Amino acid sequence: MSRTAGRRGLRARIVLGFAASTLLVSAVLVTTTWLLARSYVVEQREQALTQQAFADADVLRNRLSTAGTDVGRVLGELVPFGDAEVVVRSGDDWYSSSLDVGGRDVPRALQEVVATGAAGALRVETADGPQLVVAVPVVSAGVEFYEVAPLAELETLLRTLAVVLGAGAVVATLAGAGFGAWASRRAVLPLEQVAGAATRIAGGELSTRLPATDDPDLVGIVAAFNSMVDALAARISRDARFVGDVSHELRSPLTSLTTSVEVLATRRQELPPRAQQALALVEGEVARLRVTLDDLLELAWFDGAGHVPDAVPVSMTALVREVLEGTGRPVALLDAGPEPETTVLGDKSRLERAVRNLLDNADRYGDGPVRVGVRRCEGSVAVTVDDAGPGVAPLDRERIFERFARAPGSARRSVPGAGLGLAIVAETTAQHGGAAWCAESPGGGARFVLSMPAART
Amino acid sequence: MTAAGARWTAARWWQHVGVSLRILIVEDDDSIRTALRWALEDEGYDVAEAASGEEAVRMVGIAAPDMMIVDLMLGSMDGFTVIREVRRAHDLPVVVVSARADTQDIVAALEVGADDYVTKPFQIKEITARLRALRRRTGAAPAGHQPDGAQAGIVLDHDPEAPLVLREASGTVHRGNQQVPLTLTEYRVLCELAAAPGRVFSRQALLERVWEHGFFGDERIVDVHVRRLRTKVERDASAPRLVVTVRGLGYRLDPQ
């Protein structure tokens, strides 16, 4: 048995359940109806035949009581009921109203009953179908009266009835299945709504809620679901706010620390050698703290917002050139390609930061960038930063965009930065409707690509 | 004291040549304020301090600073209120220091009259670069450059009843007989635009010329200053005709 057959869905089970119960109920009804109808009809028929037989036997007796009347002649005068035929036994002679029937059609058991002087009726199966044989002893005339009536017509009627009832049962079963399908759809619909809402929430639309309902069966589910989403959203925003708040609180002390260290630095020459070394250390650490805090605040901002507040047209070629110049790198690294139009709609300072982070990343892990390409292809603008380093193992290419991810094996102290740079790159491009990924450069080093939709011109 | 009386003029600026500039630091965090004072004194500035908004408003009158550094988050009277109060009678450059990189806060501070901003944690060279830009531009309009033009000036709006006249020699703008109370930065934006009437200046270009910001400067600073400028020099600020926006390119001054 296949797995799907073994584990049917809720809706399939509801449909099957409805169909099976309708089938059961209609089968019981049909069978009962048929049995009752059959016994009633058969009884009616037997009763009618029996009465007729008694009446005919009466006529026969009256005729025979008239002296000199012959059994054969009386038989000719009798008009039997329907297709029934009459058979009369007088001593060892058999008389019949038709050539088709005779003494042979009267069962022996019935003859024995009549021989005792009692009347009786018996159903017999013949080659022509079932027959009812009614026996009436006419004692005064010394004859036995039999009436043989075929029941085939009755059987046809009962068969037709069975077919009609059976068809009714089939229709009822199908209707039951149909109703089951409709009911299960109705029952599953709210579940599908919940599933849809859950999918949207998982996709980041935390404002998604189920619409209010006045259905008493669903009110509880809707309320529970919505309050769960409320709690989740509150939790997420609290976490995001916590990072933001902590970073905020660190800003003020770090500002006075930075400024104080700068005041010290201007008096560097007045300090003894050991104090100068200590100052250099503090300067480095304060700078690092600033960068990390900046990165944390940036990520907290992404967690809180999610859309570019003031998107302006930004030429990525110009931006990359400015970043190269601004960070003291050779502008010759820029490979702008033939397309002049590399404009995207976005947040200039955040895009700048993303490009700067990629360059810094190349410095740290790839012996510096060797080429920064800016290309436009089919509605998107891609910035490609190639380095000549050892490259990134395919398994790590996604992981390195996670927060606090660092190159494997890099000692905590040997490489500066908290591992937030590439996370910011990923968040920035995602926020601009694009994507960032890592591949292998033609020279064997790492290639970081930042791709965003081009601004429509 | 009339607004015009306390207003900056090029002549008054020249008194300060050779004299250290006085900066008022408005900051409620003692450590930051003290460290900032030391660092700015090292840079050769004369520093006054205010630890609250109320004190800041009082000090502006007493210490007569040439510039202000204002933290947005203060105690009972916040930085926005301080700037608004100061702007009632003073045109001095105001640099906002904010712990919030929140975009609405910065725009709000610019709207009430701040000239530029720095976000915490900053390095002292970021602040001094801003201050230097604000100081340098005052030297861009040397007095006596146009001995005759000083009286005539450039007529920007030939309104028969109240013409708008820019006099670079005295560093003033008049609407009819009334001096238009421009801040230093607004005045400088107007001068840049008036230097080439009809030419389009990109936001980037204005940012570099007036604020000396590089490529990554915040262009919203330009937009807010132009908006503020319009409320003071346009006949109808809701339908600007003098300083017009050129969609997607920048701003242009069309003499009327």
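Residues numbered from 1 in each chain as written. Chains lettered and ligands numbered in written order. Predicted model: local features only at pLDDT ≥ 70, side-chain atom pairs only at ≥ 80, totals over all residues.

**Focus on the overall build of chain B**
Stated precisely, the cut-off is as follows: Segments assigned H or I by DSSP are reported as helices when at least four residues long, segments assigned E as strands when at least two residues long, and all are numbered from the N terminus. Three exposure classes are used, based on other C-beta atoms lying within 10 Å of a residue's own C-beta, which is placed from the backbone: buried for 20 or more, exposed for 12 or fewer, and partly exposed in between. Each residue gets a C-beta atom placed from its backbone, and two residues are in contact if those atoms lie within 7 Å.
Scanning chain B from N- to C-terminus turns up eleven helices and twelve strands. Residues counted as buried form 40% of the 256 residues belonging to chain B. Considering only residue pairs separated by 6 or more positions, chain B has 57% of its internal contacts joining residues 24 or more positions apart.

**Here we look at the environment of Glu46(A)**
Residues and elements named next belong to chain A. With respect to the helices and strands, Glu-46 occurs in helix α2 (residues 10-65). Judged by local crowding, Glu-46 falls into the partly exposed class, with 17 C-beta atoms found within 10 Å. Along the primary structure Glu-46 and Ala-121 are separated by 75 residues, whereas in three dimensions their C-alpha atoms are 8.3 Å apart. Not counting the four nearest positions on each side in its chain, Glu-46 is found in contact with Ala-121 and Leu-132.

**Structural notes on the interface of chain A and chain B**
The following threshold applies: Gly is placed with the polar residues, together with every amino acid not listed as nonpolar (Ala, Val, Leu, Ile, Met, Phe, Trp, Tyr, Cys and Pro) or charged (Asp, Glu, Lys and Arg).
Every contact between the two is made by 24 residues of chain A and, on the other side, 21 residues of chain B. At the level of elements, α6 (216-266), α7 (273-304), α8 (316-326) and α9 (348-365) of chain A are the ones that each hand at least two residues to the side of chain A that touches chain B. Of the residues that constitute the side of chain A that touches chain B, the class distribution is seven nonpolar, ten polar and seven charged.

**What about the sheet that holds strand β3 (residues 120-126) of chain A?**
Residue and element names in this part refer to chain A. Put simply, the rule is: Here, strands pair whenever DSSP counts at least two bridges between them. Here an angle of 0 to 180 degrees is reported between the N-to-C directions of two axes, which are lines fitted to C-alpha atoms, with helices fitted over the stretch in contact.
If you walk across this open sheet you meet the five strands as β2-β1-β5-β4-β3, and the pairing is antiparallel. Looking along the sheet, the strands with just one partner apiece sit at the ends: β2 (93-96) and β3. Neighbour-to-neighbour, the strand axes of the sheet open up by a mean angle of 25 degrees, direction not taken into account. In the sheet, strand β4 (residues 129-138) pairs with strand β5 (residues 143-150) via eight bridges, with the strands oriented antiparallel. When the bridges of β5 are listed, Ala-135 appears paired with Tyr-146. Here α2 sits on the sheet and contacts β1 (85-90), β3, β4 and β5; the angle it forms with β4, its principal contact strand, is near 40 degrees.

**A word on the confidence of the model for chain B**
Atomic detail in the predicted coordinates should be set aside for any region of low pLDDT. Residues and elements named next belong to chain B. For clarity, the cut-off: What pLDDT reports is the predictor's confidence in each residue, on a scale of 0 through 100.
Per-residue pLDDT for chain B has a mean of 79; in total, 84% of the residues score no lower than 70. The spread of mean pLDDT over the elements of chain B runs between helix α1 (residues 3-6), the lowest at 40, and strand β1 (residues 22-26), the highest at 91. pLDDT under 50 marks residues 1-15. Its contacts with residues more than four places away, or in other chains, come to 23 contacts. Interface confidence for the predicted complex, expressed as ipTM, amounts to 0.74; the pTM equals 0.61.

**As for the sheet that holds strand β12 (residues 446-453) of chain A**
Residues and elements named next belong to chain A. Spatially, five strands are ordered β7-β9-β10-β12-β11 in an open sheet, and the strand pairing comes out mixed. Looking along the sheet, the strands with just one partner apiece sit at the ends: β7 (334-335) and β11 (435-440). Across seven bridges, the pairing between strand β10 (residues 380-387) and β12 is antiparallel. Note on β12: the bridge partner recorded for Asp-386 is Arg-447.

**So, helix α5 (residues 152-202) of chain A**
Residue and element names in this part refer to chain A. As a reminder of what qualifies: Here a helix's expected span is defined as the number of its residues, less one, multiplied by 1.5 Å. The reported bend at a residue is simply the angle between two axes, fitted to the 7 residues ending at it and to the 7 residues beginning with it.
Between its first and last C-alpha, α5 extends 72 Å over 51 residues, near the 75 Å set by a 1.5 Å rise per residue. The axis of α5 is deflected most strongly, by about 35 degrees, at Val-188, and proline Pro-190 appears within four residues downstream. Restricting attention to buried positions, one finds in α5 the residues Ala-169, Thr-173, Gly-176, Gly-180 and Ser-184. Taken together, the buried residues of α5 touch α2. The positive-phi residue at the C-terminal boundary of α5 is Gly-204, with phi of around 110 degrees.

**Thoughts on the nonpolar core**
Under the convention used in this document: Among buried residues, those of type Ala, Val, Leu, Ile, Met, Phe, Trp, Tyr and Cys that are joined through C-beta atoms within 7 Å form a set called a nonpolar core. Domain segmentation is taken from an automatic or database assignment of domains.
If you look at the biggest cluster of nonpolar residues, it comprises 67 residues, and the most contacted ones within it are Val26(B) and Leu190(B). There are two domains that each give this core at least three residues, and those are domain 1 (3-139) and domain 2 (147-253) of chain B. Those residues in contact with Leu190(B) that lie beyond four places of it in its chain are Leu166(B), Val173(B), Leu182(B), Leu229(B) and Val233(B). Formed by 34 residues, the second largest nonpolar core is a distinct cluster that contains Met316(A), Val344(A), Leu358(A) and Val383(A).

**Digging into helix α4 (residues 53-63) of chain B**
Working note: α-helix, 3.6 residues per turn, so residues spaced by three or four point in the same direction. Residues and elements named next belong to chain B. Just so we agree on the cut-off: Picture the helix axis, draw a direction to every C-beta atom, and the arc is the one those directions span.
Those residues of α4 that fall on the buried side of the exposure criterion are Gly-53, Ala-56, Met-59 and Val-60. Projected down its long axis, α4 carries its buried residues within an arc of 110 degrees, all on one side. With respect to the buried face of α4, the exposed residues turned more than 90 degrees away are Arg-58, Gly-61 and Ile-62. Looking at the packing, one finds that the buried side of α4 touches β1, β2 (46-50) and α5 (79-87). Where α4 terminates, the next one or two residues include Ala-64, which has phi positive at roughly 45 degrees.

**Details of the packing of helix α9 (residues 184-195) of chain B against helix α11 (residues 220-233) of chain B**
All names here are of chain B. What counts is decided by this rule: Put simply, angles under 35 degrees are roughly parallel, angles over 145 are roughly antiparallel, angles from 65 to 115 are roughly perpendicular, and the rest are oblique.
Viewed as axis vectors pointing N to C, α9 and α11 meet at an angle of 85 degrees, and their least axial separation amounts to 10 Å. On the basis of the axis angle, α9 is roughly perpendicular to α11. For the pair α9 and α11, the contacting residues are Thr-185, Glu-186, Val-189 and Leu-190 in the first and His-225, Val-226, Arg-228, Leu-229, Lys-232 and Val-233 in the second. Considered class by class, the residues forming the contact of α9 with α11 number five nonpolar, two polar and three charged.

**A closer look at the confidence of the model for chain A**
Per-residue confidence for chain A gives a mean pLDDT of 82, with 93% of residues at or over 70. Segment residues 1-5 of chain A is flagged for pLDDT under 50; beyond a separation of four residues in sequence, or across chains, it makes one contact in the model.

**Looking at the environment of Gly166(A)**
Mapping Gly166(A) onto the fold places it in helix α5. As for Gly166(A) and Ser26(A), which are separated by 140 residues in sequence, their C-alpha atoms are 8.8 Å apart.

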